[in-house]
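Each chain is listed here by its residues.
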Amino acid sequence: EIDSWNEITLSKVTMDGVDISASVGTIDANSFNVKTSGLALGTHKLVVNGTDAVGNTYSTDQSFSFTVVARAAYKLTLNPGTNFVSLPGTPTDSAIGTVLAGTNATEVLSWQGGKWQIAAVTAEGKWIGGISDITSEAAYLIKTATFDSIAVEILPRSFEKAPPTVAVKAGWNMVPIID
């Protein structure tokens, strides 16, 4: 049941022992949200208290714990042969040798700017050719002779910019997925 005297005035809002009452937004008379960003990985403690419209208050502060975990790596399985792939976001390190580290990939092709870009791995394990980075702005053909997995950390998309778009032209287009 909804209490007709349910308006709450917050008297305490702390996170990890720091007053964050200036970061509290009011949804309605008894619902609130807390603006956060850049929280460190690990467990955090939110402590609140308040008084309702008739003067009731908690005798002890109410405590809530939550854990911020690292974003999981984006995983992609490569099958023997040629794989048509793209990444749903920008990797934290887009160097071709980093993205394809631990795989047996031997060649990468991408249709960019109206022409094929090619990279190949040398006997020493170094990538050479016109593709130095695997980014979210292009799609790629990756050749491997074995089952391999790619695991890359993808940066979260910013809400401050419009989502990316892909221009297409008459003729060949290799369009990446967009998250």
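Described in the following lines is the structure provided in the data block. (Residues numbered from 1 in each chain as written. Predicted model: local features only at pLDDT ≥ 70, side-chain atom pairs only at ≥ 80, totals over all residues. Heavy atoms only, no water.)

## Here's the deal with empty space enclosed by the protein
What counts is decided by this rule: Only protein atoms enter the 1 Å grid used here. Points where a 1.4 Å probe fits but cannot escape make up a cavity, open sets with protein on both sides within 12 Å along at least five of seven lines make up a pocket, and a residue lines them when an atom lies within 4 Å of a point. Grid points are joined across faces, edges and corners, and a volume is the space filled by probe spheres set on the points.
Counted by the stated rule, this structure contains 1 cavity of 30 Å³ or more. Quantified by volume, the largest cavity comes out at close to 30 Å³.

## As for the sheet that holds strand β10 (residues 115-121)
We apply this condition: Any two strands with at least two DSSP-identified bridges between them are counted as paired. Per the convention used, a helix needs a DSSP run of H or I reaching at least four residues, while a strand needs a run of E reaching at least two, with both numbered from the N terminus. An axis is simply a line fitted to the C-alpha atoms; with a helix, the fit covers only the stretch in contact. Between two such axes, the angle follows the N-to-C directions and lies from 0 to 180 degrees.
If you trace the 5 strands from one edge of the open sheet to the other, you get β8-β12-β9-β10-β11, paired in antiparallel fashion. With one partner strand each, in any of the chains shown, β8 (81-85) and β11 (127-129) form the two edges of the open sheet. Here the average twist between neighbouring strands, direction ignored, is 20 degrees. Relative to strand β12 (residues 140-144), strand β9 (residues 105-112) is paired through 4 bridges, and the arrangement is antiparallel. Paired with A105 across the bridge in β12 is T144.

## Section: the side chain of Q117
Stated precisely, the cut-off is as follows: Relative accessible area decides the class of each residue, using a 1.4 Å probe on protein chains only: under 20% of the type maximum gives buried, over 50% gives exposed, and in between gives partly exposed. Contacts are residue-level and defined by heavy atoms, with any inter-residue pair within 4.5 Å sufficient.
By the secondary structure assignment, Q117 is in strand β10. Residue class for Q117 comes out buried when judged on its relative accessible area of 17%. Leaving out residues up to four positions away in the same chain, Q117 has contacts with V108, L109, S110, Q112, G130 and I131.

## Here we look at the packing of aromatic side chains
Heads up, the condition is: Pairing of aromatic side chains here covers Phe, Tyr and the six-membered ring of Trp, requires ring centres within 6.5 Å, and sorts the geometry by plane angle: under 30 degrees stacked, over 60 edge-to-face, intermediate tilted.
All told, the structure shown has 1 aromatic pair when counted by the stated rule. Judged by centre distance (5.2 Å) and plane angle (70 degrees), the rings of W111 and W116 are edge-to-face. According to the relative accessible area criterion, W116 is partly exposed, its value standing at 34%.

Geometric descriptors of this kind do not, in isolation, establish any biological role.
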